[in-house]
Amino acid sequence: MSFLPVEEQLEVIKRGTVEIVPEDELVEKLKKSKKENKPLKIKLGVDPTRPDLHLGHSVILRKMRQFQDLGHEAILIIGGFTAMIGDPTGQNKTRPPLSMEEVKENAQTYIDQAKNILDPEKLTLTNNYDWLGEMDFMDVIKLTSKLTVARMIERDDFSKRFHNNESISLHEFLYPLAQGQDSVHLKSDVELGGTDQKFNLLVGRQLQKEDGQDPQVCLMMPLLVGTDGSRKMSKSYDNYIGINEEPNNMYGKALSIPDNLIYEYFELVTDIPLDELPAMKEKAEKDPRNAKHDLALAIVKLYHGEEAAKGAKKHFEQTVIKKEIPDDAPEFFVDVGEETRLLDIIAETGFSQSNGQTKRMIKQGGVSINDKKVTNKNHTVTLSEGEEFTLKVGKRNFGIVKAR
RNA sequence: GGGGAGAUACCAAAGCGGCCAACUGGGGCAGACUGUAAAUCUGUUGUCGUAAGACUUCGCAGGUUCGAAUCCUGCUCUCCCCA
């Protein structure tokens, strides 16, 4: 295949990118690749510890996809070996190491999900266990001699933990070296990572240089801010939008982001064309309400298709804006003529964690039957043949209860 | 190797023999409001029970006591200082 002009490639590559270190080397590599008609090796290491991918992960995976579309070679490294060490990056705690079995399982789920974003046909998959597992103690010691302790504790998260009197296990220091060794092994041209990975990516550069290789270019993507608008998107903060999430949830969550994030999301997690971005930016400022609906629609469409996206929009309008019962409310059944406690019905639906919580919600006016608030926590219902009612529990749990 | 400090509910952090299911903040949940599942304000926040109440929870295992998150013993883990 023939490559696009370097300028055009660069434009795509720089979409949403925070930093390219160093940019001129990237330009050189692109020129050379075009001239020799040889794709660049784009490396992305992933940790198979958290199998549920969300939009935060998608930022980097999408960048990887863009490189694929430009004709370069995407190499996904499953950190099988490194996961068994436990990556400390961005954590304030030591991560528990995983077993071989868990790694395999997680890696598979990861890949299955990543294939929603990457082009599986053009993807090279590797596992760093294959080469890191081969190293003997001497090799490891030689590797450690290439970085000083002072340099190591420069790293943001290490220095924070160090100053907060939190534990840092020695093996965690080996993580950046292991990751860097991956680059040496693969002779990667570019490594992708979040801004929190900068240190690790730079170690890769250094090790490649020492090995006499042309060092990789480090490309940092921003950490996507989560739906809470303040912290990075993460499962543990519960501010994430999962890529496997149900369309309705996905849509609603997308709408809950603060207005000032609308544009960023367009740029980083949707595929709207580059030349439409400026118009979106303007819309996000002038008409945030509609821009956000466009965004939610675009996101759901990306993972579930157009139909589902429209359905999610409708669902949202019904339940949240008009506060009506959605078309797709699940059904529950009670026995005909049997006096049944509402408490038990709700327990059946799974809308509440415990009877205590249900009682609390009733007390606070969070439960209604046919749009009428239930005030008595011992409320009972008796349905005759063919009778039914709509049940609302909390903000967004709807159900239809029928006699059986 | 020696000395010291600490481990409390989802997180942070009070409590230091009964009034503790445990102050407070964050988070969560609910209500009001809103273009929104945002922001704000208010309420609420172990499980079971109609209720009275019962049960489980304060690192783990035992013990003292009428009674322990609080006292004692052992264990595990973490941090600091010295070597």
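Nothing here was measured: the structure is a model prediction, and the numbers come from that model. (Residues numbered from 1 in each chain as written. Chains lettered and ligands numbered in written order. Predicted model: local features only at pLDDT ≥ 70, side-chain atom pairs only at ≥ 80, totals over all residues. Heavy atoms only, no water.)

1. Structural notes on the overall build of chain A
Of the regular secondary structure elements, chain A holds 18 helices and 13 strands. Expressed along its principal axes, the backbone C-alpha trace of chain A runs to roughly 80 × 45 × 40 Å. Counting across all 404 residues of chain A, residues that qualify as buried make up 47%. At a minimum sequence separation of 6, the contacts of chain A that also span at least 24 residues come to 70%. About 20500 Å² of surface is accessible on chain A, with carbon and sulfur atoms providing 48% of the total. Measuring between centres, the 56 positive side-chain charges of chain A sit 3 Å from its 66 negative side-chain charges. (Helix = DSSP H or I, 4+ residues; strand = E, 2+ residues; numbered from the N terminus. Buried < 20%, exposed > 50% of the residue type's maximum accessible area, 1.4 Å probe, protein only. Contact = heavy atoms within 4.5 Å. Areas by Shrake-Rupley, 256 points an atom, 1.4 Å probe, with all protein chains shown as cover. Lys, Arg positive; Asp, Glu negative; His and termini not counted. Charge placed at Lys NZ, Arg CZ, Asp CG, Glu CD.)

2. Section: unusual backbone geometry
In this structure, the amide linkage connecting Val-21 to the following residue, Pro-22, adopts the cis form with an omega of -15°. With respect to the helices, strands and loops of the structure, Pro-22 is situated in the loop between β1 (19–21) and α2 (23–36). A positive phi angle is found at Asp-371, which is not glycine, with a value near 75°. For Asp-371, the location among the structural elements is in the loop between β9 (367–369) and β10 (372–373).

3. Description of the protein's contact with RNA strand B
Residues in contact with RNA strand B amount to 32 residues; listed here are only the nearest, Ser-167, Ser-256, Val-320, Asn-355 and Arg-396. Of everything in RNA strand B that lies within 4 Å of the protein, sugar and phosphate atoms constitute 71%. A distance of 3.3 Å separates a base oxygen of RNA strand B from a polar atom in the side chain of Lys-323. Counting residues per element, the ones that place at least two in the surface near RNA strand B are α12 (247–255), α15 (288–304), α16 (306–321) and α18 (355–363). Sorting elements by how many residues they give to the surface near RNA strand B places α18 first, with six residues. By residue class, the composition of the surface near RNA strand B is five nonpolar, 15 polar and 12 charged. (Near = heavy atom within 4 Å. Polar contact = N/O pair within 3.5 Å; in protein donor to acceptor, adjacent residues only side chain to side chain. Nonpolar A, V, L, I, M, F, W, Y, C, P; charged D, E, K, R; others polar.)

4. Focus on the packing of aromatic side chains
In total, this model carries four aromatic pairs according to the counting rule given. On the numbers, 5.9 Å between centres and 50° between planes, the contact of Tyr-251 with Phe-316 is tilted. Residue Tyr-251 is found in helix α12, and its partner Phe-316 is found in helix α16; the two are separated by 65 residues along the sequence. On the basis of relative accessibility, which here comes to 0%, the residue Tyr-251 falls in the buried class. In this structure Phe-316 comes out as buried when scored by relative accessible area, which is 14%. Their ring planes at 85° and their centres at 5.7 Å tell us that Phe-332 and Phe-351 sit as a pair that is edge-to-face. One end of the pair, Phe-332, is in strand β7 (residues 331–334); the other, Phe-351, is in the loop between α17 (342–349) and α18, with 19 residues separating them in the sequence. As far as the burial class goes, Phe-332 and Phe-351 line up, both buried. Residue placement shows Lys-253 over the ring face of Tyr-240; its charged tip is 4.5 Å from the ring centre. The aromatic ring of Tyr-263 is capped on one face by Lys-281, whose charged end is 4.8 Å from the ring centroid. (Phe/Tyr/Trp six-rings, centres within 6.5 Å; stacked < 30°, edge-to-face > 60°. Lys NZ or Arg CZ within 6 Å of the ring centre and 35° of its normal.)

5. Focus on the sheet that holds β9
Strand order in the open sheet made by the five strands is β7-β13-β12-β9-β10, with mixed pairing throughout. Edge strands, defined here as strands with exactly one partner in the open sheet, are β7 and β10. Sheet topology places β9 next to strand β12 (residues 388–393); three bridges connect them, and they run antiparallel. By the bridge assignment for β12, Ser-368 is matched with Lys-392. Docked against the sheet, α17 engages β7, β9, β12 and β13 (397–403), running at close to 70° with respect to β12. (Pairing = 2+ DSSP bridges. Axes fitted to C-alpha atoms, helices over the stretch in contact; angles between N-to-C directions.)

6. Here's the deal with the nonpolar core
In a soluble, globular protein the nonpolar side chains are often hidden away together inside. Counting 63 residues, the largest nonpolar core has Leu-55, Leu-192, Tyr-265 and Ile-299 as its most contacted members. For this core, the two domains that each supply at least three residues are domain 1 (6–221) and domain 2 (245–321). Setting aside residues up to four positions removed in sequence, Ile-299 forms contacts with Leu-55, Met-250, Ala-254, Tyr-265, Val-269 and Thr-270. (Core = buried A, V, L, I, M, F, W, Y, C linked by side-chain atoms within 4.5 Å. Domains from an automatic or database assignment.)

7. Side note on the pattern of salt bridges
Scanning all chains against the criterion turns up 20 salt bridges. Between Glu-19 and Lys-198 there is a salt bridge, and its shortest N-O distance comes to 3.0 Å. Here Lys-198 lies in helix α11 (residues 198–210) and Glu-19 lies in strand β1, a separation of 179 residues in the sequence. Taking the relative accessible area as the measure of exposure, Glu-19 reaches 31% and is therefore partly exposed. Under the relative-accessibility criterion, Lys-198 is labelled partly exposed at 31%. Across the salt bridge formed by Arg-151 and Glu-154, the nearest N and O atoms sit 3.5 Å from each other. The class for Glu-154 is exposed, based on a relative accessible area of 55%. One salt-bridge network, held together by shared partners, links Lys-29, Asp-189 and Asp-214. (Salt bridge = Lys/Arg side-chain N within 4 Å of Asp/Glu carboxyl O.)

8. A closer look at the domain arrangement of chain A
As far as domains go, chain A holds domain 1 (6–221), domain 2 (245–321) and domain 3 (331–403). Its C-alpha centre places domain 2 at a distance of 33 Å from the equivalent point of domain 3.

9. Section: the pairing of β13
Regular strands have side chains that alternate between both faces of the sheet. Among the seven residues of β13, five are classified as buried, and the element is accordingly described as predominantly covered. Inspection of the sheet shows β12 paired to β13 by six bridges, in the antiparallel sense. Paired with Leu-391 across the two strands is Gly-399, which belongs to β13. Between β12 and β13, which pair antiparallel one after the other, the connecting turn spans three residues, and Gly-394 there sits at a positive phi close to 70°.

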